[in-house]
Amino acid sequence: MKKALKLALIYLVVLIVGTVAGTILYSFYLNLLDFIAGRDIVFFKDEELFKALFYVLFCMQVFTLPLISYYRIRRPGGILQLVVYIILCLLTWALLMPCSIKLRDYCSRKIKFESTTESLSPNYFRKVDNSVYYFTREFSTNTQGRAPEAPAIIIDTSEEGDVEYRNVADYSSLSLNRKAAPFREIQLKNIFGEDENPVPIDFKLLFSMIIRAYSGGLAHLLTLLSFVLLLCSVYAMTNLFDWRLLNAVMLFITTALILCLNSLYFSAQFYSIKVRLMNNGFLRAFGGFVSEPILFIINCFFALVIIAAGIIKFAVRKHAKKVR
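Residues numbered from 1 in each chain as written. Predicted model: local features only at pLDDT ≥ 70, side-chain atom pairs only at ≥ 80, totals over all residues. Heavy atoms only, no water.

Caption draft 1: Representation of the overall build of the chain in the model. Summing up its helical and strand segments, the chain has 11 helices and 4 strands in all. Computed over the C-alpha atoms, the radius of gyration of the chain is 26 Å, more than 25% above the 20 Å expected from 2.2 N^0.38 for a compact globule of 324 residues. Taking the principal axes of the C-alpha coordinates as reference, the chain spans close to 85 × 50 × 45 Å. Going through the 324 residues of the chain one by one, you find that 39% of them count as buried. Sequence-distant contacts in the chain: of pairs separated by 6 or more residues, those separated by 24 or more amount to 63%. Total accessible area on the chain stands at roughly 19100 Å², and carbon and sulfur atoms take up 66% of it. Looking at charge distribution, the chain has the averaged site of its 35 positive side-chain charges lying 22 Å from that of its 24 negative ones. (Helix = DSSP H or I, 4+ residues; strand = E, 2+ residues; numbered from the N terminus. Rg over C-alpha atoms; globule rule 2.2 N^0.38 Å. Buried < 20%, exposed > 50% of the residue type's maximum accessible area, 1.4 Å probe, protein only. Contact = heavy atoms within 4.5 Å. Areas by Shrake-Rupley, 256 points an atom, 1.4 Å probe, with all protein chains shown as cover. Lys, Arg positive; Asp, Glu negative; His and termini not counted. Charge placed at Lys NZ, Arg CZ, Asp CG, Glu CD.)

Structure, rendered in structure tokens:
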């Protein structure tokens, strides 16, 4: 009983501490994205904290259940611990997740943030491809409805390059802005590298899928249910092997693969494969009941495999104890 209740306490501590720490770190990241050389740095802006809080809270709700499963590897607590884990799963996905989404939507409607986009600062050299930009003064709007402009010295550093002096408009299509994305400063993009998302887990895609599920009817809820069932089934892997370290490694790998699978499914790269598979008559008919029949079948299949493996291992171990 003590171990079962401790699992619930760990869940609460991990969720709260992880959300607070994650919000602070993610707000720093958002601040870094908007950083412009020569401008004042303002940490913990209201808009950044708001975005960070709800994004991190969503991530923590997805991650916390697999995380607390590690406690079960070290401190197995029998059937009561499993019951508490199931209750925590239900509370997370049936109450906490939809409530946090509704709270985010409510706050978005009620709280209005002043969103201002600052132009690039003058007196700094910025290199993009073979060109170096040097703005001689602040950007200003000369014509109503047009992007702000500033005179710039543009140095072509290629072999036959020249120097040009002209007005440059701060459009999103400007190479300095386009190549710097998702950062505002091209120097930061050069420091942190070209790959925006090296890990094939896109929480924004997962978040949009989950939001659609809670507001899109039974068909979308069934797709979400398959994802939740698969994610929560990793608890069955906590006692799959006699070596605890192997259980911990397998738990981490399985959780990562589940998130990768569900992220890649909603990515643009997978769209053409999905269209071809949906030409199958059964999948097309099944699509009338479930919003994403392919993902639903994959998630449910692997969830049942993992749960069955955990039950079989539990039965074999119990039988071995009786024989002794």
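Caption draft 2: Broad picture of the sheet that holds strand β2 (residues 131–135). Spatially, β1-β2-β3-β4 is the arrangement adopted by the 4 strands of the open sheet, whose pairing is antiparallel. Where the open sheet ends on each side, the last strands, each with one partner, are β1 (125–128) and β4 (163–169). On average, adjacent strands in this sheet sit at an angle of 30° to one another, irrespective of strand direction. Two elements, strand β3 (residues 149–156) and β4, share 7 bridges in a ladder whose sense is antiparallel. By the bridge assignment, Ile153 is partnered in β4 with Tyr165. (Pairing = 2+ DSSP bridges. Axes fitted to C-alpha atoms, helices over the stretch in contact; angles between N-to-C directions.)

Caption draft 3: Structural context of the side chain of Ser121. Examined against the element boundaries, Ser121 turns out to sit in the loop between α3 (78–110) and β1. On the accessibility criterion, Ser121 (3% relative accessible area) is buried. Polar contacts involving the side chain of Ser121 include one to the main-chain carbonyl oxygen of Ala37, which spans 2.3 Å. Each residue touching Ser121, except ones within four places of it in the same chain, is listed here: Ile36, Ala37, Gly38, Arg39, Arg126 and Phe135. (Polar contact = N/O pair within 3.5 Å; in protein donor to acceptor, adjacent residues only side chain to side chain.)

Caption draft 4: Representation of the packing of aromatic side chains within the structure. Tallied over the full model, the rule gives 13 aromatic pairs. Ring plane angle 55° and centroid distance 5.4 Å describe the contact between Phe63 and Phe203, whose orientation is recorded as tilted. Of this pair, Phe63 sits in helix α2 (residues 46–74) while Phe203 sits in helix α6 (residues 203–215), placing them 140 residues apart in sequence. By relative accessible area, which is 29% here, Phe63 ends up partly exposed. Each residue in the set Phe58, Phe63, Phe203 and Phe207 is aromatic and connected to the rest through ring pairs, giving one cluster. (Phe/Tyr/Trp six-rings, centres within 6.5 Å; stacked < 30°, edge-to-face > 60°.)

Caption draft 5: Fine view of the environment of Tyr171. Within the secondary structure, Tyr171 sits in the loop between β4 and α4 (175–180). Along the sequence, Tyr171 and Pro148 sit 23 residues apart, while their C-alpha atoms lie 8.2 Å from each other.

Caption draft 6: Quick look at the packing of helix α7 (residues 218–232) against helix α8 (residues 244–265). For the pair α7 and α8, the least separation of the axes is 10 Å and the interaxial angle reads 165°. Here α7 is positioned roughly antiparallel relative to α8, judged by the angle of their axes. The two elements α7 and α8 meet at a crossing, and its hand is right-handed. Here α7 contributes Phe227, Leu230 and Leu231 to the contact with α8, which in turn contributes Thr255, Ile258, Leu259 and Asn262. Looking at the contact of α7 with α8, its residues break down into 5 nonpolar, 2 polar and no charged. (Parallel < 35°, antiparallel > 145°, perpendicular 65-115°, else oblique. Left-handed = near helix turned anticlockwise from the far one by under 90°. Nonpolar A, V, L, I, M, F, W, Y, C, P; charged D, E, K, R; others polar.)

Caption draft 7: Spatial organisation of the pairing of β2. Note: β1 against β2, 4 bridges, orientation antiparallel. Residue pairing in the sheet places Lys127 in a bridge with Val132 of β2. Between β1 and β2, which follow one another and run antiparallel, lie 2 residues, and Asp129 among them has a positive phi close to 55°. Here β2 pairs with β3 via 5 bridges, running antiparallel. By the bridge assignment for β3, Tyr134 is matched with Ile153.

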